[in-house]
Structures are given as C-alpha cells and as structure tokens.
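Structure assessment
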Amino acid sequence: MATARQMAVEALLRVEKDGAYSNLALDRRLEEYEKKAEKEKDAPSHAERRKSEAAFASTLFYGVLERRLTLDCCIEKYAAKGLKGMPPEVLQILRVAFYQLLFLPNIPESAVVNEAVKITKQMRRSSAAGFVNGLLRSFLRDDRALPHFDNPLKELSILYSIPEWVLLEWQKAYGSENTEQMASAFNRPSPLFIRVNSLKGSIDELRMELEKEQVSVFPDPDIPGCIRIAEQGNLRKLSVFQNGRFHVQDKSSQLCALALGAKPGERILDICAAPGGKTFTIAQQMQDKGVIDACDLYEKRVGLIREGAERLGITSVCCKTRDALQFVPDLPLYDRVLCDAPCSGLGVLGRKPEIRYKQRTEFSDLPFIQYKILENAARYLKEGGILVYSTCTLRPVENSGVVRLFLKKHPSFMITSFPEGCGAYTGKHGELTLMPHVDGTDGFYICRMVKQPSAKL
C-alpha cells in the first residue's frame, strides 16, 4: 500500500505534468488507494489508519501547492545544477520533504529523510537516492534556514509563496500592510461556509440536524442564512446534504447573490452561473417563485447547476448552455441580471493554490472579455432593473477598472447601495471589495448598479 507521502507525490505529479485540477488529482489518487485496499482485502480494523493516511496526504499535497515558491527556493540553494534538469519525481519528493521540515516541525527529521529516500527508490529513481539524502541533510545542518534577499518584494514573495507581480499589484491598490496580511491569510486554512436551503427549513432546524451528525456549526453574524462549519470533512456524505437542506457557498458569494435583491415572481438572468451556488441562493430568496435563467458556456457545467437545483428541490431555475459574449435578441428583458464574470481567481488562492503560479500574461485578455460580458449582460436588463457585476479576484484591473469603463460608456447606469436582506451590509455603498484578513471570506469584488429609466445602451 502506498504511504501518504507517496500519494501526495503522485498527485502533485498529475497536477504538474497533466495540468489536472488540484482537488481532482488528489481525489482520484485517494480513490485508487481505497480501491486497492478493498482489492487486497485490507482488514476493516485498518480503516482508521487509512483515514489518517488520506488526511496526511491531503495536508502534504495542498501544503506543497501553497508553498511551492518557498520550497523551490530552498531546494535550489542546495541543488548544484538547479531545478531545471531535475527529474520531476525527484523534485516532487524533495518538495514534500522540505514542506515537512519547514512547516510540520513535529515530524522527526529522520522519518522525513528516510521516507524521501525510500520513495525515490520505489519510484524507480534509485540513482537519485544519494542526492536526495545529501540535499536534505545539508538543509538540516543549516538549521532549516530560509534564504534571505535584499529586495523586500522578493523576500515577501518567498516567505508567502506568492509571485512578485501579484504582490506588487496588491501593494499599489491596497498598501503594503494589507498586502502582507492578505498573503498571510491565503496560507491559512480557508473557512468553510454553507447556506441553509430556506425552502426546506430554517437555519435553526438545520443547525440542530448538523449537530446531531457531530458537525460543529456557527451561524454567521453578518449574513442571514449563512453558517460557518468547523470541520472540513466530506459534507456530501451527510444525510442533510443529500436531502438538499443546504449547499456549500462562501460567505462572499452568498452576499453577491443577496446583493441582487431578487423578489418572488421576477425574471432573473444569471449569465455565468456554473456551478450554481449564487443561482440557488437567488432562487431561495425568491421563494422559488419566478424564473431564473442560469447560463454557462459548457454543457457539462450547466449539468452541475441542474443537478444542484434538483437536489435542493428548486423548480424556478431554467438551465441553458449559452455564450455570455453573444447577445440573443429573442430573450425577454429581465428584472435583474447577475454577471459573475470569469476572472483570474486571485481571491481564492487559499482554496485553489495552483492559481498563484500562473503567468501574468495568461490574464492579459481578461479585462476586455469581462467588459464585453458585462456590456452584453446589461442589454438584457429592463429599465429600473438591477445589474450586479462580481469576480473572485483582488485585481483592480478586473474589478473597478471594468466597472469604471462600463459606467463611462453607459451613463444611464449608476452604482446603488446594497438592499434589504444583506444583513450587516444592508445600505452600504454598492461597490465592495472583500478581503480574507478583514472579512474572513474569499477575496471578492461586488458592484451593484441600477439602470435608470429611459436608458439607451
């Protein structure tokens, strides 16, 4: 049976070699682990051991993804030929080992080194076993010291494993103090929030049912219907999840949906809806009375919305495969439109750590695409209707930059305050940037606009 360390290494290889999504790569490897245990008829009494191994593999896997810049900087200091020519298996083994030595101090040094050498041999890289052993022992002789740099931005980048260009953008927009606090927050476990399905019961009823299943819950003081979960286990196995009593959704995303202010009987367009969390919250806000056209470019992702609505017992949602950039003149006008635009995702680094290593050039076309989607979304709105633009990034060029251009070219739209039903945010200015270290949420941008009567696009 593979050990937790080996499973983490193999999952990391899939992410790097095949470009697999982190959660899918790890889930697939853990499923293989369980299937092999069943095939080999591993004793039921070993279930707790397997659970512990899976949890440790997850800690190592996500830890390495989060701290890759830090780890690689340390490895490169001791690798005479650098990282480029290093076999990928060896590099991942070293990353997993360095992560333990740097961030899991309770694990014995000998166990880290010996297991790294053992896995190197098991993965048919025996010729590199001495190299792995020597490199790790050199790091230990130097008391596990991180490299230091005269450049403060480089120092911050290595300390928190976030690229310099991202930190520089944040510093310009939010200042040095906010930038360091955000960077630190993204390297801590992200809080897990769920939203009660008000169509099937109250928040108090759900709370009691969750506690019966030994899940610790904390109703959020800021947003009605929002609950923080202490445990981060597999919520999908809970009977209350399977019965559609809640859906998983970050606090920031819940606020975004509530900002629309949807009312029963209205017609709503969610133009970039998948996987459907905001759609579901809007439907519940409308008491499932009215119509929500939930659209996405890919049929597979539209299927996720459909499945979620069925589980929650929502009937007002119409799922449609549609390109958000293309205007469909046959559609009726809507009372409210949500435009949660595709973005760089640099507000969810705590949940999707691999995003931080994308090149800046990969995001260069996004502001133009976001503007075009927002402009197209606005064409579907009635006079007096509400348009909400949102992203899960902290890059101003994708947020306020897009909105400012839109408002300049469409003066009939204006920002309007958050409506009733938004809890602590009710009545606040309708443009808001949420930050993990301030709001305890993902990094998120929301702008609520109204289309004034007699507007011409």
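Before going into details, it helps to say that this report is about the structure given with it. (Residues numbered from 1 in each chain as written. Predicted model: local features only at pLDDT ≥ 70, side-chain atom pairs only at ≥ 80, totals over all residues. Heavy atoms only, no water.)

1. Topic: the sheet that holds strand β2 (residues 217-219)
The strands making up a sheet associate through hydrogen bonds between their backbones, and the pairing can be parallel or antiparallel. Across the sheet, which stays open at both edges, the four strands sit in the order β2-β3-β1-β4 with antiparallel pairing between neighbours. Among the strands making up the open sheet, the edge pair consists of β2 and β4 (246-248). Taking each pair of neighbouring strands and ignoring which way they run, the sheet shows an average axis angle of 30 degrees. Pairing of strand β1 (residues 192-196) with strand β3 (residues 226-229) involves four bridges; the strand directions are antiparallel. Looking at β3, one finds that Arg 195 is bridged to Cys 226. (Pairing = 2+ DSSP bridges. Helix = DSSP H or I, 4+ residues; strand = E, 2+ residues; numbered from the N terminus. Axes fitted to C-alpha atoms, helices over the stretch in contact; angles between N-to-C directions.)

2. Details of the pattern of salt bridges
Opposite charge on two side chains lets them pair, provided their charged atoms get close. Counted according to the given criterion, the structure contains 24 salt bridges. Close ionic contact of Glu 16 with Arg 68 constitutes a salt bridge, the shortest N to O distance being 3.7 Å. With Glu 16 in helix α1 (residues 4-18) and Arg 68 in helix α4 (residues 68-78), this pair connects stretches of sequence that are 52 residues apart. For Arg 68, a relative accessible area of 23% translates into the label partly exposed. In this structure, the salt-bridge partner of Lys 382 is Asp 335, at a minimum N-O distance of 3.1 Å. With Lys 382 in strand β9 (residues 381-391) and Asp 335 in strand β8 (residues 334-340), the pair connects residues that are 47 residues apart, well separated along the chain. (Salt bridge = Lys/Arg side-chain N within 4 Å of Asp/Glu carboxyl O. Buried < 20%, exposed > 50% of the residue type's maximum accessible area, 1.4 Å probe, protein only.)

3. Some remarks on the packing of aromatic side chains
One pass over the full model with this rule turns up 11 aromatic pairs. Their ring planes at 80 degrees and their centres at 6.3 Å tell us that Tyr 334 and Tyr 380 sit as a pair that is edge-to-face. Separated by 46 residues along the polypeptide, Tyr 334 in strand β8 and Tyr 380 in the loop between α16 (366-378) and β9 bring together distant segments of the chain. Classification of Tyr 334 by relative accessible area gives buried; the value is 0%. Here the aromatic residues Tyr 78, Phe 98 and Phe 139 are joined through ring pairs into a cluster of three or more. Sitting over the ring of Phe 149, Lys 154 keeps its end group 5.5 Å from the ring centre. Positioned over the ring face of Phe 327 is Arg 379, at 3.9 Å from the centre of the ring. (Phe/Tyr/Trp six-rings, centres within 6.5 Å; stacked < 30°, edge-to-face > 60°. Lys NZ or Arg CZ within 6 Å of the ring centre and 35° of its normal.)

4. Here we look at the nonpolar core
The biggest cluster of nonpolar side chains holds 48 residues, and the ones touching the most others in it are Phe 61, Met 86, Leu 94, Phe 98 and Leu 136. When contributions to this core are tallied by element, the ones reaching two or more residues are α1, α2 (22-39), α3 (47-66), α4, α5 (88-103), α6 (109-122) and α7 (129-141). Here this core takes 10 residues from α5, the largest share from any one element. Excluding residues that lie within four positions of it along the chain, Leu 94 makes contacts with Ile 75, Met 86, Phe 131, Val 132, Leu 135 and Leu 136. (Core = buried A, V, L, I, M, F, W, Y, C linked by side-chain atoms within 4.5 Å. Contact = heavy atoms within 4.5 Å.)

Interpretation note: all reported values are geometric properties and have no functional meaning in isolation.
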